[in-house]
Amino acid sequence: MTVYFIGAGPGDPELITVKGQRLIRQCPVIIYAGSLVPAAVLEGHTAETVINSAELHLEQIIEAIRAAHEKGQDVARVHSGDPSLYGAIGEQIRHLRELGIAYQIIPGVTATAASAALLGCELTLPDIAQSVILTRFADTSPMPEGEALASLASHKTTLAIHLGVRHLARIVEELRPHYGDDCPIAVVHRATWPDQDWVLGTLDDIVGLAQAKGFRRTALILVGRVLASDSFSESALYRAGHAHLYRP
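Residues numbered from 1 in each chain as written. Predicted model: local features only at pLDDT ≥ 70, side-chain atom pairs only at ≥ 80, totals over all residues. Heavy atoms only, no water.

Colleague: Residues and numbers for the overall build of the protein, please.
Modeller: Within the protein, the secondary structure is distributed over 7 helices and 10 strands. When the backbone C-alpha atoms are referred to their principal axes, the protein occupies close to 60 × 50 × 35 Å. Going through the 248 residues of the protein one by one, you find that 42% of them count as buried. Within the protein, residue pairs in contact and separated by at least 24 positions form 67% of the contacts whose partners lie at least 6 positions apart. Of note, the protein has its 20 positive side-chain charges centred 2 Å away from the centre of its 27 negative side-chain charges. (Helix = DSSP H or I, 4+ residues; strand = E, 2+ residues; numbered from the N terminus. Buried < 20%, exposed > 50% of the residue type's maximum accessible area, 1.4 Å probe, protein only. Contact = heavy atoms within 4.5 Å. Lys, Arg positive; Asp, Glu negative; His and termini not counted. Charge placed at Lys NZ, Arg CZ, Asp CG, Glu CD.)

Structure, rendered in structure tokens:
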């Protein structure tokens, strides 16, 4: 018996891996995050038990997995995006280890990747940014030492900020000293869902743009010069005259 932590992707039911889809369709037990995973992701399943974890607390989820384990039934534990990022799987895995229950993690498309695709941009450009920092806004729980937003912003590279749209004005003020008022910033609401929407502006005007859209939750904030720059060097990989293993 194995518990499969499956990344269902950001919203579009087609943005799930072939492996993730296969496991959902063959596992006899499915536990899915119903508040974030569209029902269409479960289409074609043959499970005898389907549980919406949005209605449960951690101990109830573990009890459901324990019951499946006693019956020798594999579990498709379906999370949104990629389960290794803000998926709260660490606490579940800790319990599984204590219970001696096997598990695997099946990666999924992240909200960051989906938002970049929606905006039609590359998040790492030569001369502009070669790093992407994924973080969240410190709201209900503090950030670990050294991970304050201002500290991360000091690197001036591409930032993807989760769970922060309600505090956008505060975020902007922390970013301004490091990126400048003219730095591009995007707020992407429910990327790849049917009601997806977004705004692209600068640190100087993004608060008003986002407020006009009414974005209050389920949105990702992307910050960085990569969002609006054509002034960068071409990569060495495809440069004529640059030899490598496949192009001597």
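Colleague: Let's hear about helix α6 (residues 168-179): which residues, and what values?
Modeller: If you check which residues of α6 are buried, you get Leu168, Ile171, Val172, Leu175 and Tyr179. Down the axis of α6, the buried set is contained in an arc of 95°. They therefore lie on one face. (Arc of directions from axis to C-beta.)

Colleague: Break down the UniProt feature "domain: Tetrapyrrole methylase" (unreviewed entry) in the protein for me, with residues and values.
Modeller: Following the UniProt record, the feature "domain: Tetrapyrrole methylase" (unreviewed entry) maps to residues 2-206 here. With 29% helix and 22% strand, residues 2-206 has end C-alpha atoms that lie 45 Å from one another. (UniProt positions renumbered as here; feature names shortened; annotations may be inferred.)

Colleague: How would you summarise the side chain of Thr135 if you had to cite specific residues and measurements?
Modeller: If you trace the backbone, Thr135 turns up in strand β6 (residues 132-136). In contact with Thr135, not counting residues within four places along its chain, are Tyr86, Met143, Leu149, Leu152, Leu159, Ala160, Ile161 and His162.

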